[in-house]
Amino acid sequence: MFPSDPFQAPLWTVLSSLTHARRILEVGCGHGYTAAVMASAGGPDCRVDTIEGDPDHAELAEQAFKQRGLSKRICVLRGRGLNLLPRLKTRYDVVFLDGDWREYPGYIPHLRRLTRPGSIIVTANLNPLFGGWGGRLPGKPAIESYLTRLLRDPQFRTYVVLGEWHSISVRV
Ligand SMILES: C[S@@+](CC[C@H](N)C(=O)[O-])C[C@H]1O[C@@H](n2cnc3c(N)ncnc32)[C@H](O)[C@@H]1O
């Protein structure tokens, strides 16, 4: 489990301010680091839903949120993104994808449905497409398909952060 780099923490403050975030969605909670950072960045009226497929990770994250007094504002949804996204109905101001990139193409219809014009989507784990992480990880075609569809989708404007291999998309 690889938490995000702490140097990225101010990104969530910037995005929360830009979108006046009240609802944030994450796929790939891990042990809860980014969800906690995002909830703090959004302030006391901001709620975070975070999806986690590994029950042990979900449990550790929930314990951490409890210890930090964040349980009322962060909801851990247990299961895989592809199974849980279709069940969500709220519109989110910010979405962070930080799980299994092989599922990303299947997320696109839900990203449209679960965002509003002005919402921002940050997608992590694009590294395998660009030769990162040893270049031997599976799933390059899925990342290529996801990015191509996102870049061509008239409902999104997308920028790939070179070197970091995240993308940032704004819903238009
Ligand atoms: C890179 S870690 C997340 C780190 C976390 N976002 C942070 O920065 O603190 C990826 C997590 O996503 C979970 N995961 C991977 N694919 C998933 C999927 N398709 N649905 C839900 N969770 C997934 C893994 O179990 C792991 O805990």
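Up top is the structure.
As the structure is a prediction and not an experimental result, all values here were calculated from the model.

Parameters at a glance
- Residues numbered from 1 in each chain as written.
- Predicted model: local features only at pLDDT ≥ 70, side-chain atom pairs only at ≥ 80, totals over all residues.
- Helix = DSSP H or I, 4+ residues; strand = E, 2+ residues; numbered from the N terminus.
- Rg over C-alpha atoms; globule rule 2.2 N^0.38 Å.
- Buried ≥ 20, exposed ≤ 12 C-beta atoms within 10 Å, placed from the backbone.
- Contact = placed C-beta atoms within 7 Å.
- Pairing = 2+ DSSP bridges.
- Right-handed = clockwise from strand over helix to strand, strands pointing away.

Now for the overall build of the protein chain. Across its full length, the protein chain carries six helices and seven strands. Going from the N terminus to the C terminus, the protein chain shows its helices and strands as α-β-α-β-α-β-α-β-α-β-α-β-β. By the compact-globule yardstick of 16 Å for 172 residues, the protein chain fits well, its C-alpha radius of gyration being 15 Å. With the C-alpha coordinates aligned to their principal axes, the bounding extent of the protein chain is approximately 40 × 35 × 30 Å. Relative to its 172 residues, the protein chain shows a buried fraction of 42%. For the protein chain, the share of sequence-separated contacts (at least 6 apart) that also reach a separation of at least 24 residues comes to 67%.

In terms of burial, strand S1 (residues 23–27) is a largely internal element, four of the five residues being buried. Bridge count between S1 and strand S2 (residues 47–52): five bridges; the pairing is parallel. Looking across to S2, one finds that Ile 24 is bridged to Val 48. For the crossover from S1 across helix H2 (residues 33–42) to S2, the handedness is right-handed. Relative to strand S4 (residues 92–97), S1 runs parallel, the two being bridged by four bridges. If you follow Glu 26 over to S4, its bridge partner there is Phe 96.

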